[in-house]
Amino acid sequence: MSTRRKFLQSSIIGSAAVLTGEKLLAAKPATAAAVLNNPIVISTWDFGKAANAGAWEILQKGGRALDAVEAGVRIPEADESNQSIGYGGLPDRDGKVTLDACIMDEFYNCGSVMALENIMHPISVARMVMEKTPHIILAGDGALQFALANGFKKENLLTAKSEHDWKEWLKTAKYEPVKNIENQLYDKTKDPMPGGIKNHDTIGMLAMDAAGNFGGACTTSGMAYKIHGRVGDSPVIGAGLYVDNEVGGATATGVGEEVIRIVGAHLIVELMRQGLSPEAACKEGVERIIKRNPKKAKEVQVGFLAMNKKGEFGAYCLQKGFTYAVRSNKEEKIYTAPSIY
């Protein structure tokens, strides 16, 4: 009887486990099949339109998403009028332009550089870290040494304009993160549209190529007048950028410290895996930031941008003013992201 009782009990428990397992498996959303021959690229802010054009030259020819995002973000990296990406970026408190960038492909390969100085295209150094080393991240002098050893040219990235602005800032030496500062760094007499060519922020870019594969890139000179050595979310895989070829990708812009605290890009990708649309996932990310610190959330800007395997895209932000650019076979357009406040 004892043996029979144990057998029945184990059978019931085993059956329950099977049923529970079946229920869990049934509840798990299936990953979407790849969408073929429908390339698309999206990127943060209005100036992403020019970056998208560079990426599109590769995508429309059937090129790989990884190649497209690298080529795309190299455009703002070399734009001296862009004061928060690459050449011409506003320096840190010590007057040094330090750059952060990361890149990720469809195979979970990724590379990142942090606090890199004197190199025009940190995104290309990040890709080289990914492809030529066993590491994911190189920082500071080590990243510079690696870049120079691999053929990159050492250049002064502090332009006369950015040096002048830094010296003006030094007169008061007051630093406070300002929401939508990216929409204030422009000359209204020459560029009346917020988000135009004189107005810049971190650029995050996501692309899906004709084969249905994803790639992502993110690059910035970081927060203006930051403490020397400060690194934000942009080069942090999972915070400023994340790509999962089964699901899609996400990227972030704004105050990086808030994005890192919730591992924003990875969170949004996982929410899309659970079945949320890109916009709904981005909104949930923003709400997480608010939940963590409601008071501070009203004083800073954070925006998320995402795209899934179907080529559907969406964004959400804390404060009004975040825009993003889209390029596909169907459209070339700039969208304004919905906001909480």
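Data block above holds the structure.
Rules used throughout
Residues numbered from 1 in each chain as written. Predicted model: local features only at pLDDT ≥ 70, side-chain atom pairs only at ≥ 80, totals over all residues. Heavy atoms only, no water. Pairing = 2+ DSSP bridges. Helix = DSSP H or I, 4+ residues; strand = E, 2+ residues; numbered from the N terminus. Axes fitted to C-alpha atoms, helices over the stretch in contact; angles between N-to-C directions. Contact = heavy atoms within 4.5 Å. Parallel < 35°, antiparallel > 145°, perpendicular 65-115°, else oblique. Left-handed = near helix turned anticlockwise from the far one by under 90°. Nonpolar A, V, L, I, M, F, W, Y, C, P; charged D, E, K, R; others polar. Buried < 20%, exposed > 50% of the residue type's maximum accessible area, 1.4 Å probe, protein only. Arc of directions from axis to C-beta. Salt bridge = Lys/Arg side-chain N within 4 Å of Asp/Glu carboxyl O. Phe/Tyr/Trp six-rings, centres within 6.5 Å; stacked < 30°, edge-to-face > 60°.

### Some details on the sheet that holds strand 11 (residues 323-328)
Here is step 1: Overall, mixed pairing links the eight strands, which are arranged 4-3-2-6-5-1-11-12 in an open sheet. The sheet is open, and its two borders are formed by strand 4 (137-139) and strand 12 (332-336), each paired with just one other strand. For this sheet the average axis-to-axis angle between neighbouring strands, irrespective of direction, equals 10 degrees.
Here is step 2: As paired elements, strand 2 (residues 98-104) and strand 3 (residues 110-117) share six bridges and run antiparallel to each other. Within strand 3, the position partnered with alanine 101 by the bridge is valine 113.
Here is step 3: Docked against the sheet, helix 4 (residues 122-132) engages strand 2, strand 3, strand 4 and strand 6 (214-220), running at close to 135 degrees with respect to strand 3.
Here is step 4: Its contacts with the sheet put helix 5 (residues 140-149) on strand 3 and strand 4, and the angle it makes with strand 3 is roughly 105 degrees.

### Some words on the packing of helix 2 (residues 48-59) against helix 3 (residues 65-77)
Here is step 1: Across the interface, helix 2 lies against helix 3 with an axial gap of 7 Å and an inter-helix angle of 150 degrees. It follows that helix 2 is roughly antiparallel to helix 3 by the angle criterion. The two elements helix 2 and helix 3 cross, and the hand of that crossing is right-handed. Residue-level contacts link Ala50, Ala51, Gly54, Ala55, Ile58 and Leu59 of helix 2 to Ala65, Asp67, Ala68, Ala71, Gly72, Ile75 and Pro76 of helix 3.
Here is step 2: Classifying every residue of the contact of helix 2 with helix 3 gives 10 nonpolar, two polar and one charged.

### Details of the packing of helix 8 (residues 264-273) against helix 9 (residues 278-292)
Here is step 1: Where helix 8 contacts helix 9, the axes come no closer than 9 Å and their chain directions differ by 135 degrees. Between helix 8 and helix 9, the crossing angle belongs to the class labelled oblique. For the pair helix 8 and helix 9, the crossing hand works out as right-handed. On the side of helix 8, the interface is formed by Leu267, Ile268, Leu271 and Met272, while helix 9 contributes Pro278, Ala281, Cys282, Glu284, Gly285 and Arg288.
Here is step 2: Looking at side-chain class alone, the contact of helix 8 with helix 9 contains seven nonpolar, one polar and two charged residues.

### What to know about helix 5
Here is step 1: Of the positions making up helix 5, those classed as buried are Ala143, Leu144, Phe146 and Ala147. Considered in projection along helix 5, the buried side chains sweep an arc of 160 degrees and stay on one side of the axis. In helix 5, the exposed residues that point more than 90 degrees away from the buried face are Asp141, Gln145 and Ala149.
Here is step 2: Buried residues belonging to helix 5 abut strand 3, helix 4 and strand 4.
Here is step 3: Glycine 151 sits one or two positions beyond helix 5 and adopts a positive phi of about 95 degrees.

### Looking at the pattern of salt bridges
Here is step 1: Tallied over the full model, the rule gives 18 salt bridges.
Here is step 2: Arginine 127 serves as the salt-bridge partner of glutamate 70, at 2.9 Å between the closest nitrogen and oxygen. Of the two residues, glutamate 70 is situated in helix 3 and arginine 127 in helix 4; the sequence distance between them amounts to 57 residues.
Here is step 3: For glutamate 70, a relative accessible area of 14% gives the class buried.
Here is step 4: When its relative accessible area of 12% is taken as the criterion, arginine 127 is described as buried.
Here is step 5: Across the pair lysine 167 and glutamate 163 runs a salt bridge, and its minimum N-O distance is 3.4 Å.

### Quick word on the packing of aromatic side chains
Here is step 1: The final tally for this structure, using the stated rule, is five aromatic pairs.
Here is step 2: Relative to tyrosine 335, the ring of phenylalanine 313 has its centre 5.5 Å away and its plane inclined at 65 degrees; by these criteria the two rings are edge-to-face. With a gap of 22 residues between them, phenylalanine 313 in strand 10 (residues 313-317) and tyrosine 335 in strand 12 connect regions that are remote in the sequence.
Here is step 3: Judged by its relative accessible area of 21%, tyrosine 335 falls in the partly exposed class.
Here is step 4: Aromatic side chains tyrosine 324 and tyrosine 335 sit 5.4 Å apart centroid to centroid with 15 degrees between the ring planes, which places their arrangement in the stacked category. Taken together, the residues span a long stretch of sequence, with tyrosine 324 in strand 11 and tyrosine 335 in strand 12 at a distance of 11 residues.
Here is step 5: Feature note: the residues Phe313, Tyr324 and Tyr335 constitute an aromatic cluster, connected by ring pairs.

### Re helix 6 (residues 160-170)
Here is step 1: Along helix 6, the residues that are buried comprise Ser162, Asp165, Trp166 and Trp169. Taken end-on, helix 6 shows its buried residues confined to a sector of 100 degrees, consistent with a single buried face.

### Regarding the side chain of threonine 159
Here is step 1: Along the chain, the position of threonine 159 falls in the loop between helix 5 and helix 6.
Here is step 2: For threonine 159, a relative accessible area of 7% corresponds to the buried category.
Here is step 3: In this structure, threonine 159 is in contact with Glu80, Tyr87 and Gly88, ignoring residues within four places of it in sequence.

### Side note on unusual backbone geometry
Here is step 1: Not every positive phi belongs to a glycine, and tyrosine 225 is a case in point at roughly 60 degrees.
Here is step 2: Counting through the fold element by element, tyrosine 225 comes out in the loop between strand 6 and strand 7 (241-244).
Here is step 3: Phi angles above zero are rare outside glycine, and valine 263 is one such case at about 45 degrees.
Here is step 4: Residue valine 263 is classed as partly exposed on the basis of its relative accessible area, which comes to 39%.

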